[in-house]
Each structure stands twice: as structure tokens, then as C-alpha cells.
Amino acid sequence: MKFIVATHNQGKLREFRRILTPLGVEVETAELTEPEETGTTFAENAYIKAKAALDETGLPAIGDDSGLCVDALNGEPGVYSARYAEVGKRRLKVLGKLEGLPEEARGAHFTCSICCVFPNGDTITAEGMTFGHIAHESRGENGFGYDPIFISDEGAAKGKSFAEATGEEKDSVSHRGRALRSFAEKLESYLKAKE
Ligand code: ITT
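One structure accompanies this document, and this report is about it. In this numbering scheme, every chain counts its residues from 1 along its sequence in written order. Note on the predicted model: pLDDT of at least 70 is required for a residue's local features to be given, and 80 or more for side-chain atom pairs to be given and counted; whole-chain, interface and lining totals, by contrast, use all residues. As a rule here, side-chain values come from all non-hydrogen atoms in the structure, and water together with hydrogens is ignored.

**Topic: unusual backbone geometry**
Point 1. Put simply, Glu76 and Pro77 share a cis peptide bond, and its omega is -5°.
Point 2. The backbone of Asn74 sits at a positive phi, close to 55°, despite the residue not being glycine.
Point 3. Looking at where Asn74 falls in the secondary structure, it is placed in the loop between β3 (61-70) and α3 (90-97). Segments assigned H or I by DSSP are reported as helices when at least four residues long, segments assigned E as strands when at least two residues long, and all are numbered from the N terminus.

**Some remarks on helix α5 (residues 175-194)**
Point 1. Every helix has an expected span of 1.5 Å times one less than the residues it contains. Between its first and last C-alpha, α5 extends 29 Å over 20 residues, near the 28 Å set by a 1.5 Å rise per residue.
Point 2. Within α5, the full set of buried residues consists of His175, Arg176, Gly177, Ala179, Leu180, Phe183, Ala184, Leu187 and Tyr190.
Point 3. Throughout, a contact is declared for two residues whenever any of their heavy atoms are within 4.5 Å. In the core, the buried residues of α5 are packed alongside β1 (2-5), α1 (10-20), β3, β4 (107-117), β5 (123-134) and α4 (167-173). Residue exposure (1.4 Å probe, protein chains only): buried if accessible area is under 20% of the type maximum, exposed if over 50%, otherwise partly exposed.

**Examining the site of the ligand**
Point 1. A molecule or strand has a residue near it when one of that residue's heavy atoms lies within 4 Å. In the vicinity of the ligand there are 20 residues, among which Thr7, His8, Lys49, Asp147 and Lys170 approach most closely.
Point 2. In the analysis that follows, any N or O atom pair within 3.5 Å is treated as a polar contact, provided that within protein one partner can donate a hydrogen and the other can accept it, and provided that, for residues neighboring in sequence, both atoms belong to side chains. Separating an oxygen atom of the ligand from a side-chain N or O atom of Asp65 is a distance of 3.2 Å.
Point 3. The rule is simple: put a 1 Å grid over the protein atoms alone, call a set of points where a 1.4 Å probe fits but cannot get out a cavity, call an open set with protein on both sides within 12 Å along at least five of seven lines a pocket, and count a residue as lining if it has an atom within 4 Å of a point. By definition, a pocket or cavity contains a molecule when more than half of the molecule's atoms lie within 2 Å of the pocket's grid points. Mapping the ligand onto the cavity grids shows that it belongs to the largest pocket.
Point 4. Among the elements of the structure, β3 and α5 are those that each provide at least two residues to the shell around the ligand.
Point 5. Under the grouping applied here, Gly and all other residues not named as nonpolar or charged are polar, the nonpolar ones being Ala, Val, Leu, Ile, Met, Phe, Trp, Tyr, Cys and Pro and the charged ones Asp, Glu, Lys and Arg. Classifying every residue of the shell around the ligand gives four nonpolar, eight polar and eight charged.

As C-alpha cells, this is what we get:
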């Protein structure tokens, strides 16, 4: 079974391929209209993206809604991470708001909600989080989005920004890695139950 990845974000798409292909889940892209993200939660927006892609292609589709939640900013930018500021200014906005704060006050996490919608209306959902803190300046060239300012506190990526970590290191602890591995497990059970 093939799945349409309902995203316009090339960084996410790379990670979907990197994480799901070795788990035997085939993903592909399609020219999709970008739906309005009218939800107030990650889960609602993930469903909106998946459902819109399913309606356009007729194929099972997976949506990802994710974001960076900064403790000192009461969870901002959170569900509005993609719209927090103009392209190219989002990381600087976060860094600016945390200026002068010591390391122990810079805690943050990423969240990822995955929603897969099938043509018969069934859905599979999964969530993942990863914890770390906000750097004092951007570090590293890999990844995308807020990766250069997010220093991981976990596992193989500990002490590195997600943009300094290799793809493998990021995926092993990342919100998306965790959500997609959980999704792949649930998918296997779902497909087995249908046999
Ligand atoms: P689609 O809706 O087309 O999937 P998007 O970029 O608009 O793409 P979101 O609405 O889910 O995606 O916004 C999430 C934003 O949070 C995204 O633009 C990134 O800036 C950030 N983000 C999410 N996951 C991230 C990650 O793994 N590393 C860095 N930034 C991430």
C-alpha cells in the first residue's frame, strides 16, 4: 500500500522517506492544494492535511502537524510555528525573545502529530515529542526550520543542535521519528486485523 505524504515542506518529506522506507512503508508525493490549517491543535491540523490529500488523490494520505514549544514563551510558537514570523525570521524571533535567559530557563520541546486517513474513513493517529533547550545562536547546517536553535537533551543527539546532528541521530530521538515509528507499528496491526 502506498501513502501520499500531505506536506509541502521538503524537510519533513525527506524525514518521512528516511524513517518510513526502512520500515516498509512506501510514501510518495502529489501536487496538492495547501488546505487552510484551521485547527487549534496539532492533531486537528494533521487530520485536515491528510483528509484534504485523500480527497484530492483518492489515496490513503498521511498528514504531519508539528511545532516547537518553548517553556519560557508559554508553549509558543507551538501550533503556529510555521506562521510565527516571515520566512527566514522565525528562529531570530525565538532567539530574541529568550535573550539573556540562562540555559536552565531555555527548555523547549518539539511535538509531532501524525494522522493517516484511508478512503474508507478509517484513521490512524500517532504522536511524538522530543526535549531539549534553545541555543544562544543558530548552530549547524543540516535539517530545516528551527533545527539550528534546538539543542537536544536526548540520546545520540544530546548536546548537538538538530542541525548539527546527522539525520540518523535526529531521527533516533526526534518528535517525527517517534511519531512515525509509532504510526508504522499501529499500521502493521491495522493491516493484520484486516487480513
Ligand atoms: P506542511 O503543513 O505542508 O506539512 P509546514 O511547514 O507548514 O508544512 P506545519 O504547519 O506542521 O508544517 O508547521 C511546522 C513548523 O514547525 C515548520 O514549518 C517548521 O518550521 C517547524 N518544525 C516542525 N518540525 C520541525 C523539525 O523537525 N525541525 C525543525 N523545525 C520543525
